[in-house]
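Here is how the chains run, residue by residue.
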Amino acid sequence: MASTTTVVSDLRGAGRHPAVGAMSCAAASCHGGLGQPGSKGSEFTTWALLDPHRQAYAVLLNERSVQMAKLLGLSEPAHRSKVCLTCHVGTAESPDLFEASPHDRLGVSCEACHGPASQWLAEHTTGSWQSLDRTNPSVREWKAEAGLRDLTTTAKTAGLCVRCHVGEAGREVNHDLIAAGHPRLNFEFSSYMRLYPKHWNAPQSAEQASTNDARQWMVGQMVSARQSLDLLDHRLSRKTGPSPELSEFDCYACHHDLHTAQTGPGLGWRQSEGFSGKNPGGLSWGTWHAALLPIVAPSAGQPDEELTTALRALEESLEDPAASAETRQAALQRARAVISQRLDEIETMPVSADELAARIAWLTGPSADSIRDWDRATQTVLALRSLHQSLGAMDTRLRSPAADATIRELIESLRFETRDEVLFDSPRQFSPVDFRSGLKRLAPNLQPVPVSAPVGAADAPGILPR
Ligand code: HEC
Ligand code: HEC
Ligand code: HEC
Ligand code: HEC
């Protein structure tokens with residue numbers, strides 16, 4: 001394994017944008033320091049050693065990508081094709097970056113997230129940049145005009161990630177790409193932020209730090225859903241391309257074993273549970289982005305009714321083959337408008353431990369009864385993990401090893417099966433009946449109970465410490 005110093009000196013200079021000549025983000029005195037990962041001045045080093053994005057270009061040269069390009073009939077190999085480079089290297093703002101070598105060897109690097117540097121680099125490298133007050137609106141405006149992306153709020157940061165991790169017009173992982181071998185995109189912002197080796201250490205108030213995971217979950221749910229609707233809008237309005245776009249629908253409604261045929265007279269769970277009032281065998285809209293939205297910002301302790309109604313109308317219009325383009329468009333715009341409005345409210349909404357506990361109670365209670373597919377089950381567990389993380393950070397008495405162990409157990413139950421070295425790229429053994437009963441059995445571990453509660457108090461309503 002190469003030492004930190006060799007890796008960094010190999011890469012120094014490689015982070016250079018062609019427009020910037022000899023200047024590079026990776027200089028030791030700029031972002032290429034050798035401090036602790038995430039420390040100021042060591043951003044490039046952190047990225048070069050730990051960031052999953054550093055290899056995003058390299059994977060376009062692997063066997064899977066070569067095969068994908070062949071199956072899709074691309075006119076160029078994956079590492080030369082805009083179809084792939086647009087997410088694996090690029091910035092939509094500056095598509096010319098693709099042409100630049102050696103820049104594109106770096107994968108998703110500094111400018112793909114922070115914006116093209118040509119307009120601000122000269123000022124950026126002077127001492128006065130350091131003294132700019134980033135909370136000052138006119139400084140932020142000037143930076144944004146020069147092309148430096150504003151990432152100062154949770155919604156703005158999430159809005160950056162979803163452009164590649166959910167997709168948008170001009171950058172898509174559709175069913176054609178998936179069928180050719182691309183992994184399905186299952187983005188959940190708070191989980192991805194946990195996984196992401198951060199190269200920054202932004203100052204936060206104690207309140208911000210303790211509510212971070214919960215707020216990232218709430219904001220991330222809304223931002224991802226809004227992005228998925230914008231992508232759907234693009235897919236519904238275009239004249240060419242697959243229609244309907246199969247990746248909008250529940251993957252495992254189509255890709256599952258036919259249990260009845262295999263298990264004799266017993267019915268598979270779909271037939272024994274019924275089809276939720278829908279036509280047996282009809283298309284099901286995918287639940288990944290929408291399933292939990294009404295619980296993100298409940299009003300008066302109840303799921304958001306306006307949002308539930310809007311999402312249901314959209315679902316019906318998409319699942320009804322006879323629905324007109326106008327009906328679908330109207331339902332989509334309605335749902336999008338409600339989501340945008342909620343997003344504005346959530347960003348500044350105070351979050352208390354009681355409110356997080358109420359969401360946990362919903363996720364393990366009434367909402368759990370509606371779990372019928374792997375997507376909703378997985379989103380539920382990821383939500384529980386983020387909410388618990390915040391509860392523990394808000395009040396150490398609410399930190400619960402039993403809850404952590406339970407969440408780990410649920411995550412294990414959702415993993416795809418591996419047999420004889422073969423990883424099945426689908427949850428072929430997933431049973432919503434078993435998952436729901438597991439969740440119900442474990443639910444008491446997930447309810448926050450204060451350690452200092454007097455005997456008998458745990459039975460009383462309002463169990464959180466005041
Ligand atoms: C909409 C953006 C987008 C487009 C377009 C795209 N990808 Fe990806 N790709 C991603 C993301 C995001 C991931 C990571 C998925 C994850 O782990 O959540 C990924 C993962 C991959 C992986 C798996 C990487 C690994 O580490 O195992 C391969 C291989 C890949 N992409 C190849 C391609 C090829 C080839 C193309 C063009 C035909 C392409 N991608 C187009 C966004 C995209
Ligand atoms: C995947 C997207 C992504 C990539 C790639 C990326 N960054 Fe960042 N960067 C962020 C986010 C998100 C933040 C957090 C912004 C915040 O919270 O204010 C950040 C923060 C920073 C900060 C701190 C900013 C501040 O005002 O506190 C610096 C400096 C920075 N990045 C430099 C770099 C450099 C240099 C590279 C390339 C080696 C890079 N970044 C690559 C997303 C990215
Ligand atoms: C320009 C497109 C782009 C942007 C913007 C982007 N990503 Fe990615 N991201 C990718 C691609 C492509 C991959 C797959 C890299 C690979 O496996 O080679 C990836 C991989 C990842 C992974 C690793 C996933 C895994 O399965 O191990 C994490 C975590 C991640 N991104 C988080 C983020 C976060 C958080 C943000 C926003 C702050 C973000 N990304 C913004 C394109 C992007
Ligand atoms: C409406 C039904 C439908 C939905 C929904 C659907 N697919 Fe498919 N999928 C198909 C059909 C049809 C094929 C082509 C099968 C063939 O050629 O034998 C296919 C092919 C594939 C393949 C190619 C490999 C193989 O063994 O066939 C993969 C991988 C795949 N789909 C994954 C997914 C994923 C992931 C999703 C959800 C994001 C999804 N599909 C949603 C119908 C569907």
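Just above sits the structure.
All residue numbers here refer to positions counted from 1 along the written sequence of the relevant chain. Chain labels run from A onward and ligand labels from 1 onward, assigned in the order the entries are written. Thresholds applied to this predicted model are a pLDDT of at least 70 for local features of residues and 80 or more for the giving and counting of side-chain atom pairs; totals over whole chains, interfaces and linings are not thresholded and use all residues. Heavy atoms from the whole structure form the basis of all side-chain values; hydrogens and water molecules are not counted.

Below, the discussion takes up the coordination of the iron atom of ligand 2. Note: metal donors comprise N, O and S atoms at 2.8 Å or less from the metal (3.2 Å for Na, K and Ca); water molecules are not included, so apparent gaps in a site are possible. For the iron atom of ligand 2, the protein coordination sphere consists of His114 (NE2) and His199 (NE2), at 1.9 to 2.0 Å. Square planar and octahedral sites, with four and six donors, are those where opposite donors lie more than 155 degrees apart and all other angles lie between 65 and 115, tetrahedral sites have four donors with every angle between 85 and 135 degrees, and the rest are irregular. Around the iron atom of ligand 2 sit six donor atoms; with metal-centred angles ranging over 88 to 179°, the donor geometry is octahedral. Of this pair, histidine 114 sits in helix 5 (residues 110–114) while histidine 199 sits in the loop between helix 11 (189–195) and helix 12 (206–237), placing them 85 residues apart in sequence. Looking at histidine 114, the relative accessible area reads 30%, which means it is partly exposed. A simple rule labels every residue: compare its accessible area, found with a 1.4 Å probe on the protein chains alone, to the largest value its type can have, and call it buried under 20%, exposed over 50%, or partly exposed in between. Judged by its relative accessible area of 14%, histidine 199 is buried. Comment: elements are numbered from the N terminus, with helices defined as DSSP H or I runs of at least four residues and strands as E runs of at least two.

Attention now goes to unusual backbone geometry. Positioned with a positive phi, serine 276 is a non-glycine residue whose angle comes to about 50°. Position of serine 276 among the secondary structure elements: in the loop between helix 15 (269–273) and helix 16 (293–296).

As a further point, take the coordination of the iron atom of ligand 3. Working reference: metal with six octahedral donors, ideal angles 90 or 180 degrees; metal with four tetrahedral donors, ideal angle 109.5 degrees. Protein-derived coordination of the iron atom of ligand 3 comes from His53 (NE2) and His165 (NE2), at a distance range of 2.0 Å. If you look at the iron atom of ligand 3, its six donor atoms make angles of 88 to 179° with each other, and the shape they trace is octahedral. Of the two residues, histidine 53 is situated in the loop between helix 2 (43–50) and helix 3 (63–72) and histidine 165 in helix 9 (residues 154–165); the sequence distance between them amounts to 112 residues.

Counting through the fold element by element, threonine 406 comes out in helix 21 (residues 401–414). The class of threonine 406 is buried, set by a relative accessible area of 2%. Counting of polar contacts relies on pairs of N or O atoms within 3.5 Å, with two restrictions inside protein: one atom must be capable of donating a hydrogen and the other of accepting it, and residues adjacent in sequence are counted only when both atoms are side-chain atoms. There is a polar contact of 2.9 Å between the side chain of threonine 406 and the side chain of asparagine 445. In this view, threonine 406 contacts Leu442, Asn445 and Leu446; residues no more than four positions away in its chain are not counted. The contact rule is simple, with two residues in contact once any of their heavy atoms fall within 4.5 Å.

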